[in-house]
Amino acid sequence: MTHDGLVRTSEIAVTVVVLVLAVLLLGSLRRVSRGRRWLVVLACLLLYAAIVVPGAAALWFAAFPLLVGVYPDGAMTPRWLWLPVGALAVAAVGDLATGGAWSESPWWALVVNGQLLLLLAQVHRYRRRSSTEERAAVRWVILGTLLTTASFAATQAAYGSIGDGSTGSVVAAQLAVLPLLVAVAVGVLAPRALDVDEFLRATVVSLGTVAALTVVMLALPAPTWVRLVVVAAIAAPLALGMLHVGDWLLYRGRPDPDRAVTRMLAALNTPSGQHDTPSTVLQAFTGSLFLDRGRISGSWFEPVGLGPEAPSASESEQFAVDYRGEVLAVLELPPRRGESTLTRRDRRVVDRLLAQAAPALDAARTVVALRESRARTVAAREEERRRIRRELHDDLGPTLSGIALSAAALATRIGDPDASQLHRELRMAVDQSRELAYGLRPPVLDDHGLVSALHDRIGGPDVRIDAPEDLDLPASVDLAALRIIQEAVTNARKHGAAPIDIRLRLRDGHLKLRVSDAGPGLPADVRAGIGMLSITERTDEVGGTARYDRAAHGCHLLVDLPVEAS
């Protein structure tokens, strides 16, 4: 094909693409009613005309400012931009009317620079006022601009000129504008139909890598083969570095789905993650999406919120954590500040995290159910022990004692050795019943309460007890508290220093107790011994928690025992 034929074919191709885009843009006005969207369509059509219509290049100075001012929703933001946009439009019409004479004047440079200044208004709009969808539309334009600029640069590098000289230069220059034209239309028609961030990231990484390798190839003062070896050696590390640059530019360091899942699983494998799985899951979501707020709720745990204030239902999206057809929890995630919704990439991250969070939450729910079942079993056991001890002490013991006294009186009256043997056996039965009653539960605990039991079992000049006298606790809780405090005081007397302070409070359905001493505190590498393990086991039996406050001076044991569950 001849030079003219190739050029003509490329012109027809560009014209056909522009006509198709124009029809789609005009059709969108009928399909979707969006207020002043016609201004965006008008600006796009003027831009297309300036590029493809012969002699209409001056329309660029009217189309470009209008497009910058109203893209992508048709609202001029801020409104005072109508003044410079109108002035530039008048300049474009005047240049067309004078046959291009105005553009030859020295003051025309002000018109060109004025268009560049309008881009600052679009930057302000993007950062401060644009919604997530509007930002996606602008990123489509940025993608098209990068591809068109790269196409022009490749044309210059290949042919030594752009649109002049050889057939390839002319054809390539005409086709180079297509990415920008298509991107502008996509940003108006369907900005979120495809993930523009992934395309933009790939473009930034590819263009940055090629540009850097080209600079190295041209600037390195060495033979050609040496430059080729250097370029081959640095290509992979450079591409990897550009990947990080692209991630930072597009996502500001937010992890991809795979890294987000890896971080969440690592957090769930820690002791705190296993102890408080819902909170760990929520932190994984908010941390991966760079959110400053969030909330997770479920029927089997108390709702957990993150941030200064919990997000309201109107400003957050809800995501159900579904496992085997059952909703385990509901996540409420608001968009990042300055955005209206989560992006497509955010949703991919959420989907991957949900798939891994569901089995973790199911396992945590199973553990919670087992703990509650164990606490109920222990509570029932201790209540039954309390009942049996009282019956032994109040019913069986006095009855056996009465029978023993009767046997003693009978033996004295008749002097029968068998009666004396019966009396001795009855006394042994009385003693055994008393030992059995005392073995079931400490008598002082049931007769006088936890505080009196503490004074009786661990009281001394080195112990200070701060507790209300009217503590009415379930049998399992008061026994667990007594045993825990006994063990903690024993440890404090062995390894700590006086005074030993014991504080008990009943608050929000929990018995909160603290045992502290004035000793050196726990070593950083301490290994749990029998005493610490005993405290943990007795705490777990009733579904409570125990921890040591390492930040405070001395050794401070903090225990939280649920009263309602017991």
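Residues numbered from 1 in each chain as written. Predicted model: local features only at pLDDT ≥ 70, side-chain atom pairs only at ≥ 80, totals over all residues. Heavy atoms only, no water.

1. Here we look at the sheet that holds strand β5 (residues 463–466)
Part 1: Read from one edge of the open sheet, 5 strands run β5-β6-β7-β9-β8, paired in mixed fashion. A single partner strand is all that each edge strand has here, and the edge strands are β5 and β8 (545–548). Direction aside, the axes of adjacent strands within the sheet are offset by 10° on average.
Part 2: The pairing of β5 with strand β6 (residues 500–507) spans 4 bridges and is classified as parallel. Residue arginine 464 lies in a different strand from β6, and its bridge partner there is aspartate 501.
Part 3: The strands that helix α18 (residues 475–495) touches are β5, β6, β7 (510–516) and β9 (556–562); relative to β7, the one it contacts most, it runs at about 10°. (Pairing = 2+ DSSP bridges. Helix = DSSP H or I, 4+ residues; strand = E, 2+ residues; numbered from the N terminus. Axes fitted to C-alpha atoms, helices over the stretch in contact; angles between N-to-C directions. Contact = heavy atoms within 4.5 Å.)

2. Some details on the packing of aromatic side chains
Part 1: Evaluation of the coordinates by the stated rule reveals 2 aromatic pairs.
Part 2: With a centroid separation of 6.1 Å and an interplanar angle of 35°, the aromatic rings of tryptophan 140 and phenylalanine 199 are classed as tilted. Residue tryptophan 140 is located in helix α6 (residues 132–159), and its partner phenylalanine 199 is located in helix α9 (residues 196–219); the two are separated by 59 residues in the primary sequence.
Part 3: Overall, tryptophan 140 belongs to the buried group, its relative accessible area being 8%.
Part 4: Phenylalanine 199 sits in the partly exposed class, given a relative accessible area of 43%.
Part 5: On the basis of an interplanar angle of 70° and a centroid distance of 4.6 Å, the ring pair of tryptophan 300 and phenylalanine 301 is categorised as edge-to-face. Like phenylalanine 301, tryptophan 300 is buried.
Part 6: Sitting over the face of the ring of tryptophan 248, arginine 252 holds its NZ or CZ atom 4.6 Å from the ring centroid.
Part 7: Arginine 345 extends its terminal NZ or CZ atom over the ring of tyrosine 251, reaching a point 3.6 Å from the ring centre. (Phe/Tyr/Trp six-rings, centres within 6.5 Å; stacked < 30°, edge-to-face > 60°. Buried < 20%, exposed > 50% of the residue type's maximum accessible area, 1.4 Å probe, protein only. Lys NZ or Arg CZ within 6 Å of the ring centre and 35° of its normal.)

The values reported here are purely geometric and, on their own, carry no functional implication.
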